[in-house]
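Examination of the molecular architecture
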Amino acid sequence: MNFEEFKTMLNTELNYLSINLSDIKLEQFYTYMNLLIEWNKKINLTAIVEEKDIIIKHFLDSLTISKYINSNQKIMDIGTGAGFPGIPLKIVQENINMNLIDSLNKRITFLNEVVNKIELKNIVAIHSRAEDLAKIEEHREKYDIVVSRAVAKLNTLLEYMMPFIKVGGTCICMKGSNIEELEESKKAIEILGGKLEKVDEIVLPNTDIKRNNIIIKKINIVLSVLFLYSCIDQMQDAGDAKKVTPVRGTVTIQVNTGFVTKAGDPGFPTEGLRAVFN
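Residues numbered from 1 in each chain as written. Predicted model: local features only at pLDDT ≥ 70, side-chain atom pairs only at ≥ 80, totals over all residues. Heavy atoms only, no water.

Within the chain, the regular secondary structure consists of 10 helices and nine strands. Counted over contacts in the chain with a minimum sequence separation of 6, partners at least 24 positions apart contribute 63%. Accessible surface, the chain as shown: approximately 13,200 Å² in total, 45% of it carbon and sulfur. (Helix = DSSP H or I, 4+ residues; strand = E, 2+ residues; numbered from the N terminus. Contact = heavy atoms within 4.5 Å. Areas by Shrake-Rupley, 256 points an atom, 1.4 Å probe, with all protein chains shown as cover.)

Look at the link from Phe84 to Pro85: it is a cis peptide, with omega at 5°. By secondary structure assignment, the location of Pro85 is in the loop between β1 (74–78) and α4 (86–92). Non-glycine residue Ser18 carries a positive phi angle of around 55°. Within the secondary structure, Ser18 is located in the loop between α1 (3–14) and α2 (23–40). Although it is not a glycine, Asn72 sits at a positive phi angle of roughly 70°. Along the chain, Asn72 turns up in the loop between α3 (51–63) and β1.

You can see Lys187 is positioned in helix α9 (residues 186–191). Put simply, Lys187 and Asn155 are 32 residues apart on the chain and 8.8 Å apart in space, counted from C-alpha to C-alpha.

In total, this model carries 13 salt bridges according to the counting rule given. Notably, a salt bridge pairs Lys135 with Asp132, separated by 3.8 Å at the nearest N-O pair. Given a relative accessible area of 35%, Asp132 falls into the partly exposed group. Ionic pairing is found between Lys218 and Glu141, a salt bridge with its closest N-O pair at 3.0 Å. With Lys218 in strand β7 (residues 210–218) and Glu141 in the loop between α6 (130–133) and β4 (143–149), this residue pair connects regions lying 77 residues apart in the sequence. Assessed through its relative accessible area of 29%, Glu141 is described here as partly exposed. (Salt bridge = Lys/Arg side-chain N within 4 Å of Asp/Glu carboxyl O. Buried < 20%, exposed > 50% of the residue type's maximum accessible area, 1.4 Å probe, protein only.)

Take the pairing of β4 next. With seven of seven residues buried, β4 is to be regarded as a mostly interior element. Alignment of β1 against β4, held across three bridges, turns out to be parallel. Looking across to β4, one finds that Ile75 is bridged to Ile145. Where β4 lies against strand β5 (residues 165–175), six bridges are found, and the strand directions are parallel. Each bridged residue has a counterpart across the sheet, and for Arg149 the counterpart in β5 is Met174. (Pairing = 2+ DSSP bridges.)

A few words on the packing of aromatic side chains. Under the definition given, this model contains eight aromatic pairs. Plain terms: the ring middles of Phe29 and Phe59 are 4.9 Å apart, the flat faces sit at 55° to each other, and that makes the pair tilted. Of this pair, Phe29 sits in helix α2 while Phe59 sits in helix α3, and the two are 30 residues apart along the sequence. A single burial state applies to Phe29 and to Phe59, both of which are buried. Ring geometry for Tyr143 and Phe164: centres 6.3 Å apart, planes at 80°, overall edge-to-face. (Phe/Tyr/Trp six-rings, centres within 6.5 Å; stacked < 30°, edge-to-face > 60°.)

So this is what it looks like as structure tokens:
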């Protein structure tokens, strides 16, 4: 597909989202697509390799959440993989600040190549697991919006995402057609200080592909389970922890500040540390 063909097709699809792009931005998308196809021959980035499918299933799908994002916001994309939705959002809205998070260093190398080739500014690719990054103060509750595209079950995904969001900020979980897990996750949303705002159901144009974008507002500061890892370490260092008892899938903690954590609530994730206030 040459650039003119690509330009015509992408512009046609973007009309569905009422997005108009300059030729410079269209060229950035074109370069991104070609880099994705080239690098995918060397490392596993995506199972979607046809140019038309990349335009619709990656670029357009990523941009279905563009309407929720404003200039100068600080955004994190967790489990970004080959850069979706973070890089398409950054191309369209160049004034946002974007951090791309992925646990595989090979993908980070690819993302840095894309960022350099298409000359994006104020975007950083970070090699880390979300649960490790959440322990670092400069990232915890510092983001206006955190996005992720179908990297885990919703209740687990929220546990990864919510620690990064400011109170008043937004969590956007991009899911497929089946969102039965939403009902199972309502208690986790509440525990993690969130409130379900809406579910945006979308059918990608010229396809029968259904998507659901789940929008959750962070309304309360809650001691998140990921943040507790850091707290426990600090309490142990300071000699404050009275008891830390690991059990498969749970951890029970008592400290002399008077709170007791518990685990095993229905609808709450079951891996790793699971804790809420009494």
